[in-house]
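# Descriptive structure summary
Each chain is listed here by its residues.
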Amino acid sequence: MSLLSNTFVLLGKELRTEFRSRELLTTTIVFILIVIVLFSFTFDPTSDESRRFAPGLLWLAFLFASSLMLQPCFLREQHNDTLSALRLSVTDPFAIFLAKLAANTLFLLLTELLLLPIFATMYNVPVLSVLHWLALVFFLASLGISIAGTALSAISAQARMRELLLPLLMLPLLTPILVASTEVTKALFDRAPYVQWKGIGFLAVFDVVFLTALCLFGEYLLEE
Amino acid sequence: MTPPAFSPVGLRFENIDKRYGGLLALRGVSLTIAPGECLVLAGRNGSGKTTLLRIAARLVRPSRGSLSFSGGSRDAQENTARPGFVAHASMVYDELSAEENLLLFARLRQVPRPENRVDALLREVGLSDRRASLVRTFSRGMRQRVAIARALLREPAVLLLDEPATGLDPQGVTWLAGAIRQIRDSRRTILMSLHGESEISSLGTRAIRLDAGSVVADTRTGATFRSILTFADA
């Protein structure tokens, strides 16, 4: 019970500080918007071309933007040594990870859902009929990115070349998510859309495996 | 300060080593601190004071040796698992107000009726009128008041203070000395690291000096106590 109550209290803090500063959301939304617009102007794709490469572009943009979003996740806690205060206060350190990854997932989902209509308009891809399936892929992939990214953010925050280290560790580790979510999204953007269950299953398994690993070993990532 | 709801707790460091890579920060530190004692840790920069305090706070795991607590009721013993800790940094969020910070940590530590406790602490540290102001607008002294209030949220049996007077003006030091005196008189066990003599060091009932990670002097009285704080040879 204390794990859950601590998680909710910390999630509230994460949301309050972000919506007060809007640092992460603004940076991420602007970055993805620039990528989507620039790519559209550069290639001016037809509808068929869009169906083939737009899912990959979309997920690459999300992945790079998430590395921007996840970077300050634990760095911010070092500023006033608030991480120590949290470690002294929570019953289970996993609550710190749960709150951060829940907040990161929410921020990523919010960014994705805000930018989806712009993407659909610029790339001429119909999304309304498959919106519920897209929401499922967005959720599973965003959760996976947040779980692995939050853990790596905790590791990189204590390292010397912290700004460089997170993308270097995160991007290769998240390649399976990139591939799976691109394949599932491509199938949903098809002229005859279908659900690629294999990819969805892979994303779900990735989430469960990494969340379990974080639950078991997360405490060690926070030690000095 | 609120009267204690516990019997005092002592600490025992046994043969503690702490290694950071190739650096040995603490070397075989053995130290017994009696319940209710107010111990001043002195020593030059890098002598291991902060490491010892962080081990006592269980933020750092020793490479060798052990830390145990003695005396006190079962409640107090459980409380020692999470002592009150005031570090160099304020350990509070700049983007939250003083009240929001204290409520956050009170809820995390499951303080009963957190609003009442926070309200009382804000009054005790003299920040009632600035409760809604963001911490980033606070001076160093005001941040230190929030930090002390945070450390006292759960009425800890053991209080750890790492150079608490750093950056404070003379009025701030006087206020801090008064606050620590009240905490000491409520029979909490206090470990504080300090540089030199001050109003705050005079509150100590015992002083030890660390040098290169080892305890090199330990006293309770007189000229030796003073020499430990001033690095003079007694």
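Each chain has its residues counted from 1, running along the sequence as written. For naming, the first written chain is A and the first written ligand is 1, with later ones following in the order written. Thresholds applied to this predicted model are a pLDDT of at least 70 for local features of residues and 80 or more for the giving and counting of side-chain atom pairs; totals over whole chains, interfaces and linings are not thresholded and use all residues.

### Quick word on the nonpolar core
- Counting residues in hydrophobic clusters, the biggest one holds 135 residues, and the most contacted among them are Leu41(B), Leu102(B), Leu160(B), Ile190(B) and Leu191(B).
- Labels follow the DSSP assignment, with helices taken as runs of H or I lasting at least four residues and strands as runs of E lasting at least two, numbered in each case from the N terminus. Among the elements that take part in this core, helix α7 (residues 131-156) of chain A stands out by supplying 12 residues, more than any other.
- An automatic or database domain assignment supplies the start and end points of every domain. Both domain 1 (1-83 + 157-234) and domain 2 (93-155) of chain B contribute no fewer than three residues apiece to this core.
- Beyond its immediate chain neighbours, meaning those up to four positions away, Leu102(B) contacts Val118(B), Leu121(B), Leu122(B), Ala149(B), Arg150(B) and Leu153(B). Note on terminology: a nonpolar core is a set of buried residues of type Ala, Val, Leu, Ile, Met, Phe, Trp, Tyr or Cys, with members joined through C-beta atoms within 7 Å. Backbone-placed C-beta atoms define the burial measure: a residue is buried with 20 or more other C-beta atoms within 10 Å of its own, exposed with 12 or fewer, and partly exposed in between. Throughout, a residue-residue contact means that the two C-beta atoms, derived from backbone geometry, are no farther apart than 7 Å.

### Describing the sheet that holds strand β8 (residues 206-211) of chain B
Residues and elements named next belong to chain B.
- Strand order in this open sheet of six strands is β5-β6-β7-β3-β8-β9, and the pairing throughout is mixed. Both edges of this open sheet fall to β5 (84-86) and β9 (214-219), since each of them pairs with a single strand only. Along the sheet, successive strands turn relative to each other by an average axial angle of 15 degrees, direction set aside.
- As defined by bridge partners, strand β3 (residues 38-42) adjoins strand β7 (residues 189-193) across four bridges and the pair is classed as parallel. The residue bridging Leu41 from the neighbouring strand is Ser193, located in β7. DSSP bridges decide pairing: two strands pair if at least two such bridges lie between them. Geometry is summarised by axes, namely lines fitted to C-alpha atoms with helices restricted to the contacting stretch, and by angles between N-to-C directions that run from 0 to 180 degrees.

### Examining the confidence of the model for chain B
- Every residue is assigned a pLDDT by the predictor, reflecting its confidence on a scale from 0 to 100. Put simply, chain B has an average pLDDT of 87, and 91% of its residues get 70 or more.
- The complex prediction reports pTM at 0.88, with the ipTM value standing at 0.87.

### Digging into the domain arrangement of chain B
All names here are of chain B.
- Domain annotation for chain B reports domain 1 (1-83 + 157-234) and domain 2 (93-155).
- With 12 residues of domain 1 in contact, the opposing surface of domain 2 contributes eight residues.
- Ranked by residues supplied to the side of domain 1 that touches domain 2, first place goes to helix α6 (residues 170-185) with three residues.
- For the side of domain 1 that touches domain 2, the class distribution of residues is seven nonpolar, four polar and one charged. Residues were grouped as follows: Ala, Val, Leu, Ile, Met, Phe, Trp, Tyr, Cys and Pro as nonpolar; Asp, Glu, Lys and Arg as charged; and all remaining residues, including Gly, as polar.

### Here's the deal with helix α1 (residues 2-21) of chain A
- Here a helix's expected span is defined as the number of its residues, less one, multiplied by 1.5 Å. Between the first and last C-alpha of α1(A) there are 28 Å, a value that for 20 residues agrees with the 28 Å anticipated at 1.5 Å per step.
- Taken together, the buried positions of α1(A) are Asn6(A), Thr7(A), Val9(A), Leu10(A), Lys13(A) and Glu14(A). With its buried residues spanning 170 degrees around the axis, α1(A) presents them on a single face. The exposed set on the far side of α1(A), more than 90 degrees from its buried face, consists of Leu4(A) and Phe19(A).
- Buried residues in α1(A) make contact with α6 (94-122) of chain A together with α3 (98-108) of chain B. The directions from the helix axis to the C-beta atoms are what the arc is built from.

### Some details on the interface of chain B and chain A
- Contacts between the two partners involve 22 residues from chain B, matched on the other side by 18 residues from chain A.
- Across the side of chain B that touches chain A, the residue classes tally to 13 nonpolar, two polar and seven charged.

### Remarks on the sheet that holds strand β1 (residues 10-20) of chain B
All names here are of chain B.
- Overall, antiparallel pairing links the three strands, which are arranged β2-β1-β4 in an open sheet. The open sheet has two edge strands, β2 (23-33) and β4 (64-70), and neither has a second partner. In this sheet, adjacent strand axes meet at a mean angle of 15 degrees when their direction is disregarded.
- Where β1 meets β2, seven bridges bridge the pair, whose relative direction is antiparallel. The residue of β2 that forms the bridge with Leu11 is Ile33.

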